Structure formats: structure tokens, C-alpha cells
Amino acid sequence: MARIIVITSGKGGVGKTTSAASLAMGLAQRGRRTAVIDFDVGLRNLDLIMGCERRVVYDFVNVINQEATLNQALIRDKRCDHLYVLPASQTRDKDALTREGVARVLDELAQGFEFIVCDSPAGIEHGALMAMYFADDALVVTNPEVSSVRDSDRMLGILSSKSKRAEEGAEPIREYLLLTRYDPLRVDQGDMLSVDDVKEILSLNLIGIIPESKAVLSASNAGIPVILDRDSDAGQAYADMVARYLGEDVPHRFLEAEKKGFLSRLFRG
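So, here is what we can say about the structure in this document. (Residues numbered from 1 in each chain as written. Predicted model: local features only at pLDDT ≥ 70, side-chain atom pairs only at ≥ 80, totals over all residues. Heavy atoms only, no water.)

A few points about the pairing of strand S4 (residues 83–86)
Burial of S4 is two-sided: the residues Leu83 and Val85 facing one way and the residues Tyr84 and Leu86 facing the other way are all buried. Bridging between strand S2 (residues 34–38) and S4 involves four bridges; their strand directions are parallel. From the neighbouring strand, Val36 faces S4, where its bridge partner is Val85. Strand direction decides the pairing type here: strand S3 (residues 75–76) and S4, joined by two bridges, are antiparallel. The residue of S4 that forms the bridge with Ile75 is Val85. (Buried < 20%, exposed > 50% of the residue type's maximum accessible area, 1.4 Å probe, protein only. Helix = DSSP H or I, 4+ residues; strand = E, 2+ residues; numbered from the N terminus. Pairing = 2+ DSSP bridges.)

Side note on the pattern of salt bridges
Where side chains of opposite charge bring their charged atoms close, a pairing between them can arise. Applying the stated criterion to the full structure yields 13 salt bridges. Asp137 is paired through a salt bridge with Arg3; the nearest N and O atoms lie 2.9 Å apart. Remark: Arg3 occurs in strand S1 (residues 3–8) and Asp137 occurs in strand S6 (residues 137–142); sequence separation between them is 134 residues. Arg3 gets classed as partly exposed once you look at its relative accessible area, which sits at 23%. For Glu248, the salt bridge is made with Arg30, and the minimal N-O distance between the two is 2.5 Å. (Salt bridge = Lys/Arg side-chain N within 4 Å of Asp/Glu carboxyl O.)

Focus: the packing of helix H1 (residues 16–29) against helix H12 (residues 233–245)
Relative to each other, H1 and H12 sit at 60°, their axes nearing to 9 Å. What the angle tells us is that H1 and H12 run oblique. Handedness of the H1/H12 crossing: right-handed. Mapping the contact onto sequence places Thr18, Ser19, Ser22, Leu23, Gly26 and Leu27 in H1 and Tyr238, Met241, Val242 and Tyr245 in H12. Here the residues of the contact of H1 with H12 sort into six nonpolar, four polar and no charged. (Axes fitted to C-alpha atoms, helices over the stretch in contact; angles between N-to-C directions. Parallel < 35°, antiparallel > 145°, perpendicular 65-115°, else oblique. Left-handed = near helix turned anticlockwise from the far one by under 90°. Contact = heavy atoms within 4.5 Å. Nonpolar A, V, L, I, M, F, W, Y, C, P; charged D, E, K, R; others polar.)

Function cannot be inferred from these measures alone, as they are strictly geometric.
As C-alpha cells, this is what we get:
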């Protein structure tokens, strides 16, 4: 049976789609057959970050409405045979995601995939609730700022009370904290919450710290999940995150501000 992972947050712009693409690619590169679904109906972005926007013929809503088969809508990634993308619709309303329809698609995917990664819209709108409802695991993505952390705390309440697992009295969703756009220098200057601050507020298992990096924007613009940029700190951080999710003991990196040498300090500015 497939493990369903939702990538969620209370606030937009924190890096959910970037994280969903990198998690899915990382799992697939390790030989795990993985599907990643865009739940953001009307604002489709996952296909752009995955670099498959020109190959979209049918979408998630087409499959739900039985206007196309799942095999017709799934797009195989050209870089990794184990990874498939199910894009969102750009023209339908979010209410097109029915609980029965989503359940049917997930059940069909579960027959052929080990992991199903759900890229959720921000907040508690319909698409986000649909993505969270069926989750086995949740990666709560937050930036190290008060408003983002506060909104993420609200999402935890929804995950614990409005999921299928909660309704059935089953084992709770496994919740993880993914901290993105982390800048140790700004933390040292008091402009940003520290890792310990965020952990204390949310009380979640920390699965990854993704540093602020220009590589993220460059990869997104190129249609490449940033995890494939192994020379970048963000790519390495996402690879570490995937390893931790799979149970490996990997120490956290990128926690300290880079120390500049004497010449760098001498000639700064």
C-alpha cells in the first residue's frame, strides 16, 4: 500500500511546491516508485517546476470526472523512470475535487506506487483540505518568521482533527517540520526565528532545514527540481531531508552563518 504524503502550510510562498517536487524526485531517484499530485486547482505550478508543462494533456480533474484515465493523465518524468506527475487543472473550480473522486484516484495510484506526494495549496481552502484528508504523513513547511509559524500551528490542529485517520480513530498522521528559507546570519542579527524557536512553538520532528538560496529560483525557472542541483546548498539540504524521511540518521547542516576569512572582511564593500 502506498504512503500518502501531504506537503502543507498555513501561508503561501513558503516553498511547498519546490519541496514537493524535490521530495518526489529524491524518493524516485532512490528507486521508490513515486507519484506527485498538484492539488492547487486553478493555479497550476507543479508542472512548471517539474519541467513538464508542455506535456500536459489531461489533468487531475479530468481523471476525477472520468473524462480521462489515470494512465492518460500521468506524465512520466524524463529524468527518472520511477517518477510520475499528475498536474492540476488551470480552468476548473477547486470544488471539482470531490472526496469520493480524490479517494478513487488515490486508491488507483496506490496499486502501482510506493509513495504519493500531494502538493497542497496554502491555508484551509477546499483543495488544501482534500490534500490533507487522506494523508498518512504531513510535511509542514514554514519560514522562520512569526506569521508563517503561527499559521503552521493552525494547520496542525486541522491535521489532527479533520483527516480520515482522525475520523476513523486510526494512528495519527505522522507530522514533520520542514524549515525553508533559513538564513543563519539573519538569525544571529535577530531578524529571523532560530531553529530552536520554531521547534519550541510547533513541537514537531524536524526533518529538514533548507537554507535561503538563489539556486531555488534558478532551478524553478529552468523546470528542474532543485534537489538535482547537488552543488547547491539547497539541493544538498533536500537530499538530506529525503534521507531522513526514509529513516537514515543524517545530521542537520547549514545552521551556522558562513565565517568569512580575513581577506573577505578586509575587502568587503
